[in-house]
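These are the residues of each chain, in order.
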Amino acid sequence: MRSVDEQLALIADAAMTPEPVRISIADALGLMCAEEVQATDPLPGFAQAAIDGYAVRAVDVGGERGLSSSEGPLVPVEKSLPVVGEVAAGSQQPLRLQPKQAVRVHTGAPLPTLADAVLPLDWSDRGRKRVSAQRAVRSGDFVRRVGDDINKGDVAVSSGAVLGPAQIGLLAAVGRSKVLVYPRPRISLISVGAELVDIHRDPGLGQVYDVNSYSLSAAAKEAGADVHRVGIAEGESRRLREIIEGQMMRSEILVITGAVGGTGSQRVRAVLEELGDIDTTRVAMHPGSVQGFGLLGDDRVPVFLLPSNPVSALVIFEVFVRPLVRLCLGKRNAQRRVVRARALNHVTSIPGRRGFVRARLMRDAETQDYLVEGLGGATGAPAHLLAGLSAANAMIRIPDGAAEIRPGDIVEVMFLSQGS
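Worth saying up front: this structure is predicted, and the values here are computed from it rather than measured.

Cut-offs used in this document
Residues numbered from 1 in each chain as written. Predicted model: local features only at pLDDT ≥ 70, side-chain atom pairs only at ≥ 80, totals over all residues. Heavy atoms only, no water. Pairing = 2+ DSSP bridges. Helix = DSSP H or I, 4+ residues; strand = E, 2+ residues; numbered from the N terminus. Phe/Tyr/Trp six-rings, centres within 6.5 Å; stacked < 30°, edge-to-face > 60°. Buried < 20%, exposed > 50% of the residue type's maximum accessible area, 1.4 Å probe, protein only. Lys NZ or Arg CZ within 6 Å of the ring centre and 35° of its normal.

Student: Would you mind showing me how to read the sheet that holds strand E2 (residues 32-33) here?
Tutor: Hydrogen bonding along the main chain pairs the strands of a sheet, whether they run parallel or antiparallel. The 3 strands are arranged E1-E12-E2 in an open sheet whose pairing can be described as antiparallel. The open sheet has two edge strands, strand E1 (21-24) and E2, and neither has a second partner. For E2 and strand E12 (residues 178-182), the ladder comprises 2 bridges, and the chain directions are antiparallel. When the bridges of E12 are listed, Met-32 appears paired with Tyr-182.

Student: Explain the packing of aromatic side chains to me, please; I cannot follow it from the model alone.
Tutor: For any pair of aromatic rings, geometry is given as the distance between the ring centres together with the angle between the planes. Evaluated as defined, the whole model comprises 3 aromatic pairs. Between the aromatic rings of Trp-123 and Phe-142, the centroid separation amounts to 5.3 Å while the plane-to-plane angle is 90 degrees, which identifies the pairing as edge-to-face. With Trp-123 in the loop between strand E8 (117-120) and strand E9 (130-133) and Phe-142 in the loop between E9 and strand E10 (143-144), this pair connects stretches of sequence that are 19 residues apart. Using a relative accessible area of 10% as the deciding quantity, one classes Trp-123 as buried. Judged by relative accessible area, which is 26%, Phe-142 ranks as partly exposed. Where Tyr-370 meets Phe-415, the ring centres are 6.1 Å apart and the plane angle is 80 degrees; that geometry is what we call edge-to-face. Here Phe-415 lies in strand E28 (residues 410-415) and Tyr-370 lies in strand E25 (residues 370-374), a separation of 45 residues in the sequence. It is Arg-363 that lies over the ring of Tyr-370; its NZ or CZ is 4.1 Å from the centre.

Have a look at this one:
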């Protein structure tokens, strides 16, 4: 029986980054940049007002000591200047300031020539024809200078950076509408089993709905993959092989549920063995010990074999498939966030296997310590029910050698909430 860590290492070695593609920056959130993006112009590209006020020469409203708010006490001044114009944000009309003059400016407006500071409205009498400065400003106060953010030739976004909102904003700021990225890994999900019917049909005696292709598709999308839900694969072995080979051609990852455990899975494994080596060694974990993994076809596509039980399938996906998706996306940390929490109830485990027990994670209102309530694996609680997993926002990770978790024990807990 292989350990969880050994299985994770085996899967991590199979991570492949898809070939980069150029896409709109509007679609690039969460993807890894595949090029170094340099600024072709400084940002800002012109001196502009950082606040509503009056563009002035600082020497004309310097006050007795010329102190600004950043240097010490604000010094009242008695300087009155004529207001010779007004400049709004977006103005393309050049304006030149003469000595001992002021120009009314709005936030983001280009600064008139010779102006080197902005007198905020709140530091003035807000005059329209003449303005009296009530506090002093220094040269550069309340001005966004050329290149304050980025200079020409600076790297705006580095190759390998994961594009978040700030990086997308920088790309827009330097005028890039498209960017070269490593795309989302494509993942196909197939369900097999004579007992399965799609949710658009009424199940007969002995039949159940195909839950896994829907739940795992949602999990794959949440992980960041480009998902193709094949649904139920039916037919003889030749037809099954055609379906599998077709999905291997279009995918970086293939997941087949119902492919381990039971007599129905034998036909699937026989087809897969024609395409490459598939390993169905048990993994020392629960639920989900019975599973399979292999690299199939000429492109050595990672293929996961999952059981038909929805809870086991989701746990295996969470522990093994999701990290592979995240690695393909270039994420530095492919695992979920883990915190230490105090257990509120008794939870049993299987010695020699790492337990993954659905749970509800919460915070103590007074101490802000994490508290966790096990929702499955507790004494008398079935571990296979999907409703319990739907109520969970976390999973307790029980060490391999532990037989139980008692109230008050400190345990490791994985977040399951979206985006964690």
